[in-house]
Amino acid sequence: MSATMDTESTYSGYSHYSGHSKKAHRQGRDRHKSPRSKDGSRSEKSVTIQTPPAEPLLGNDASRAEEGQDDNWGETTTAITGTSEHSISQEDIARISKDLEDSVGLDCKRYLGLTVAAVLGLLVFLTPIAFILLPQILWRDDLEPCGTVCEGLFISVAFKLLILLIGTWALFFRQPKADIPRVFVFRALLLVLIFLFVFSYWLFYGVRILDSKDTNYQGIVQYAVSLVDALLFIHYLAIVLLELRQLQPMFTVKVVRSTDGESRYYSLGHLSIQRAALVVLENYYRDFTVYNPALLTASKSRAAKHMAGLKVYNVDGPGNNASGQSRAMIAAAARRRDSSHNELYYEEADHERRVKKRRARLVVAVEEAFTHIKRLQAEEQQKAPGEMMDPREAAQAIFPSMARALQKYLRTTRQQQYHSMESILQHLSFCITNNMTPKAFLERYLNPGPTLQYDRDRWFSKQWTLVSEEAVTSGLQDGIVFVLKCLDFSLVVNVKKIPFIKLSEEFIDPKSHKFVLRLQSETSV
Amino acid sequence: PRLSSFVSFSSQQRIEIHKLRQGDNLILGFSIGGGIDQDPAQNPFSEDKTDKGIYVTRVTEGGPAEVAGLQIGDKIMQVNGWDMTMVTHDQARKRLTKRNEEVVRLLVTRQSLQKAVQQTMMS
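Bear in mind that the values here come from a model prediction, so they are computed numbers and not experimental data.

Residues and elements named next belong to chain B. The full count for this structure, using the stated rule, is 16 salt bridges over all chains. The shortest N-O distance in the salt bridge between Asp-90 and Arg-93 comes to 3.0 Å. Taken as a pair, Asp-90 and Arg-93 lie in helix 2 (residues 89-96) at a separation of three residues, close to a single helical turn. We classify Arg-93 as partly exposed; its relative accessible area is 27%. Where Asp-90 meets Lys-94, a salt bridge forms, and the shortest distance between an N and an O atom there is 3.7 Å. Within this pair, Asp-90 and its partner Lys-94 are both found in helix 2, separated by four residues, close to a single helical turn.

Spelled out as structure tokens, the structure:
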């Protein structure tokens with residue numbers, strides 16, 4: 001953990017009503033080695049995982065179990081140095097995410113927060129009704145008769161409460177889509193405001209009306225109406241703070257993926273860092289191409305070869321000057337005349353050629369396969385002598401003719417782990433059903449798409465860590481950098497303010513668009 | 001040492017051109033430029049760049065104009081008595097190419113440079 005990471009917090013894919021962030025922060029992170037990486041020949045790299053904060057009573061058991069397994073795990077796996085400590089294979093990711101789903105502790109916090117808010121809401125909603133009903137119940141006989149004015153006020157109270165109910169339902173009753181580390185400041189502010197407000201109204205009511213048994217019923221009803229009006233205004237404040245304020249774009253953020261440098265720009269308004277992180281992640285799954293570790297192996301092997309041939313011998317004595325050694329290595333490596341750039345160029349050219357060839361074969365194979373399928377029109381049913389198949393059968397029938405070409409192409413572009421045979425068949429029958437051309441069918445395989453396109457359970461990272469120097473509830477400002485880490489890679493987010501634009505006008509008189517033709521002709525006579 | 005300076009002055013010439021018949025046309029053998037509807041700044045021959053007069057821009061070799069003594073850069077002041085200092089380019093062309101005239105008498109102004117040699121006393 002470097003010194004710059006002052007604030008670190010985690011959030012998982014669960015919904016979480018954020019009333020209890022302090023408790024979450026007190027529990028530190030557990031670092032433990034994966035017990036499952038000893039099976040499977042795929043896990044050759046050393047593994048370190050960060051788990052979310054678990055409940056204390058679960059944590060003790062887990063750490064004790066790992067101690068026993070740690071020793072065996074160390075013997076049976078081989079570690080490749082030079083790669084990152086945090087690299088992990090895909091199967092492990094799938095297994096770990098399942099483990100996270102099994103943990104129970106986070107649900108309690110979420111439900112507690114929800115129930116508190118629900119109780120408060122119900123209380124607030126019933127208060128005006130209580131204000132109106134209590135005098136009727138307690139001292140009905142003393143009350144002054146209140147004619148049409150009161151009835152009018154009853155109707156207005158009823159409708160305002162209905163509007164408030166619908167508005168609250170529209171604004172607040174939504175599936176929470178993410179679990180954020182710190183409390184959502186504006187929501188907490190609004191809850192506190194509502195609570196104080198209603199409390200003060202009850203206090204006033206209790207002292208001035210209940211104790212003194214006020215007989216002016218019209219005044220009491222008007223008091224209730226004023227409460228409902230004020231609640232509607234608080235609802236308006238909630239809309240402005242929670243929804244409207246961030247709509248106007250004030251900042252441009254640049255998001256760069258650390259493994260391959262793919263970057264995008266987004267416009268954001270006034271948001272806190274945690275909410276901005278949420279927006280970035282939602283857009284990440286839609287805009288960035290899927291993370292493919294197989295594409296990164298080439299550069300890693302090049303980097304390993306670059307420094308591999310040099311060894312440092314310390315001739316002068318036992319002094320172990322580590323920084324001096326590394327500097328000497330770097331200087332020697334720089335001076336060494338290596339032709340790795342040549343290799344890279346020819347390798348890439350060769351790869352391009354191969355990919356293009358395979359792609360051509362694939363396109364031809366798919367086009368031929370599709371010509372065998374003809375859509376059956378209703379009136380031609382009697383004429384067509386061929387078999388009638390549903391899309392799935394048709395897909396299975398033509399799949400073998402293109403399977404080989406497709407598989408070869410996927411292998412060359414290193415996409416084979418993203419497409420299983422079942423998914424290809426499904427996609428094929430989908431395309432046949434919707435009468436798509438071969439090109440439309442191939443679009444999915446020729447270009448790597450965003451993560452959303454692939455099987456959600458496998459490729460969505462449920463666990464993200466927000467790393468930031470500033471407090472995550474503080475607002476975005478120019479020059480802030482924060483990092484969103486998941487297990488395989490991280491997204492570095494750089495915030496820049498949209499500059500203040502000075503727009504001035506210049507009026508052009510339409511008469512200035514008149515021109516004079518200046519000729520100089522020469523005529524021979 | 002010899003100091004030589006040039007003095008320029010303009011002289012008026014009367015030039016009589018006999019038109020040459022070429023097929024169906026009578027040609028004079030020179031080209032004109034300028035006119036009140038033209039851009040005087042582009043005239044390479046005028047001394048005053050606001051002068052919108054008619055100038056001789058080219059003289060064909062061996063043509064009637066050259067034979068009559070017309071030179072390139074001459075400003076045409078009159079053609080057969082008609083004034084040419086305030087005419088449009090097309091009017092000038094028409095006045096020079098009248099079909100029933102065989103002879104045109106031009107009054108032209110020519111810029112001449114004369115070398116005046118001065119000897120200074122060396123002692």
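Residue and element names in this part refer to chain A. Taken N-terminus to C-terminus, the directions of helix 11 (residues 340-371) and helix 12 (residues 391-412) make an angle of 165°; their axes are 9 Å apart at the nearest point. Between helix 11 and helix 12, the angle is such that the two are roughly antiparallel. The chirality of how helix 11 crosses helix 12 is left-handed. Packed against helix 11, whose contacting residues are His-351, Arg-354, Val-355, Arg-358, Arg-359, Arg-361, Leu-362, Ala-365, Val-366, Ala-369 and Phe-370, the element helix 12 presents Ile-398, Ser-401, Met-402, Ala-405, Leu-406, Lys-408, Tyr-409 and Thr-412 at the interface. Class assignment of the residues belonging to the contact of helix 11 with helix 12 gives a composition of eleven nonpolar, three polar and five charged.

Here the focus is the interface of chain B and chain A. Contact with chain B, which involves 18 residues of that partner, is made by eight residues of chain A. Contact between chain B and chain A buries roughly 1,100 Å² in total, counting both sides, with carbon and sulfur atoms accounting for 44%. Remark: the boundary between chain B and chain A carries one salt bridge. At the junction of chain B and chain A, the tally comes to nine residue pairs in polar contact (both at pLDDT 80 or more). Of all the secondary structure elements, the ones that give two or more residues to the side of chain B that touches chain A are strand 4 (30-34), strand 5 (54-59) and helix 2 of chain B. Counting residues per element, the side of chain B that touches chain A draws most heavily on strand 4 of chain B, at five residues. A breakdown of the residues in the side of chain B that touches chain A according to their chemical character gives five nonpolar, ten polar and three charged. Bridging between strand 9 (residues 522-524) of chain A and strand 4 of chain B involves three bridges; their strand directions are antiparallel. From the neighbouring strand, Thr-523 of chain A faces strand 4 of chain B, where its bridge partner is Ile-32 of chain B.

Along an α-helix, residues three or four apart share an orientation, since each turn contains 3.6 residues. Along its 25 residues, helix 5 (residues 148-172) of chain A runs 36 Å from first to last C-alpha, staying within 8% of the 36 Å computed at 1.5 Å per residue. Considered for burial, the residues of helix 5 of chain A that qualify are Cys-150, Leu-153, Val-157, Leu-161, Leu-164, Gly-167 and Leu-171 of chain A.

Residues and elements named next belong to chain A. Taken together, Lys-357, Arg-361, Arg-404 and Lys-408 make up a surface patch of like positive charges. Going through the elements one at a time, helix 11 and helix 12 are the ones with two or more residues in the positive patch. Checked against the element boundaries, Lys-357 lands in helix 11.

Moving on, we come to the UniProt feature "transmembrane region" (unreviewed entry) in chain A. All names here are of chain A. Look at the UniProt record and you will see "transmembrane region" (unreviewed entry) annotated at residues 111-133, 153-172, 184-204 and 224-244. Regarding residues 153-172, the helix share stands at 100% and the strand share at 0%, and the terminal C-alpha atoms are separated by 28 Å. Taken end to end, residues 224-244 comprises 100% helix and 0% strand; its first and last C-alpha atoms sit 29 Å apart.

All right, on to the packing of aromatic side chains then. Residue and element names in this part refer to chain A. On inspection of all chains with the given rule, the structure shows 21 aromatic pairs over all chains. Both rings, one in Phe-204 and one in Tyr-223, keep their centres 5.4 Å apart while their planes meet at 35°; by these two values the pair is tilted. With Phe-204 in helix 6 (residues 185-210) and Tyr-223 in helix 7 (residues 217-244), this residue pair connects regions lying 19 residues apart in the sequence. Of the residues examined, Phe-204 reaches a relative accessible area of 38% and is grouped as partly exposed. Look at Tyr-223 and you get buried, because its relative accessible area is 13%.

Glancing now at a nonpolar patch on the surface. Residue and element names in this part refer to chain A. Taken together, the side chains of Ile-155, Phe-159, Leu-162, Leu-165, Ile-166, Trp-169, Phe-172 and Phe-173 define a hydrophobic patch exposed on the protein surface, amounting to about 880 Å² of accessible area. By the element assignment, Phe-159 lies in helix 5. The class for Phe-159 is exposed, based on a relative accessible area of 53%.

With that out of the way, let us pick up helix 14 (residues 438-446) of chain A. By the burial criterion, the buried members of helix 14 of chain A are Pro-438, Phe-441, Leu-442, Arg-444, Tyr-445 and Leu-446 of chain A. Where the residues of helix 14 of chain A are buried, they touch helix 11, helix 12 and helix 13 (421-433) of chain A.

Residues and elements named next belong to chain B. Among the five residues of strand 4, five are classified as buried, and the element is accordingly described as predominantly covered. Judged from the five bridges that link them, strand 4 and strand 5 form a sheet pairing that is antiparallel. Following the sheet pairing, Ile-32 is matched in strand 5 by Val-56.

Outside of glycine, negative phi angles account for most residues, and trans bonds account for most peptide bonds. Residues and elements named next belong to chain A. If you check the backbone angles, Arg-414 has positive phi at about 60° while not being a glycine. The topology assignment puts Arg-414 in the loop between helix 12 and helix 13. Not every positive phi belongs to a glycine, and Asn-435 is a case in point at roughly 60°. With respect to the helices and strands, the residue Asn-435 is situated in the loop between helix 13 and helix 14.

Cut-off values and rules
- Residues numbered from 1 in each chain as written.
- Chains lettered and ligands numbered in written order.
- Predicted model: local features only at pLDDT ≥ 70, side-chain atom pairs only at ≥ 80, totals over all residues.
- Heavy atoms only, no water.
- Salt bridge = Lys/Arg side-chain N within 4 Å of Asp/Glu carboxyl O.
- Helix = DSSP H or I, 4+ residues; strand = E, 2+ residues; numbered from the N terminus.
- Buried < 20%, exposed > 50% of the residue type's maximum accessible area, 1.4 Å probe, protein only.
- Axes fitted to C-alpha atoms, helices over the stretch in contact; angles between N-to-C directions.
- Parallel < 35°, antiparallel > 145°, perpendicular 65-115°, else oblique.
- Left-handed = near helix turned anticlockwise from the far one by under 90°.
- Contact = heavy atoms within 4.5 Å.
- Nonpolar A, V, L, I, M, F, W, Y, C, P; charged D, E, K, R; others polar.
- Buried area = accessible area lost by both parts, 1.4 Å probe.
- Polar contact = N/O pair within 3.5 Å; in protein donor to acceptor, adjacent residues only side chain to side chain.
- Pairing = 2+ DSSP bridges.
- Expected span 1.5 Å × (residues − 1).
- Patch = residues over 30% accessible without salt bridge, like charges linked within 9 Å, V, L, I, M, F, W, Y side chains within 5 Å.
- Areas by Shrake-Rupley, 256 points an atom, 1.4 Å probe, with all protein chains shown as cover.
- Lys, Arg positive; Asp, Glu negative; His and termini not counted.
- Charge placed at Lys NZ, Arg CZ, Asp CG, Glu CD.
- UniProt positions renumbered as here; feature names shortened; annotations may be inferred.
- Phe/Tyr/Trp six-rings, centres within 6.5 Å; stacked < 30°, edge-to-face > 60°.

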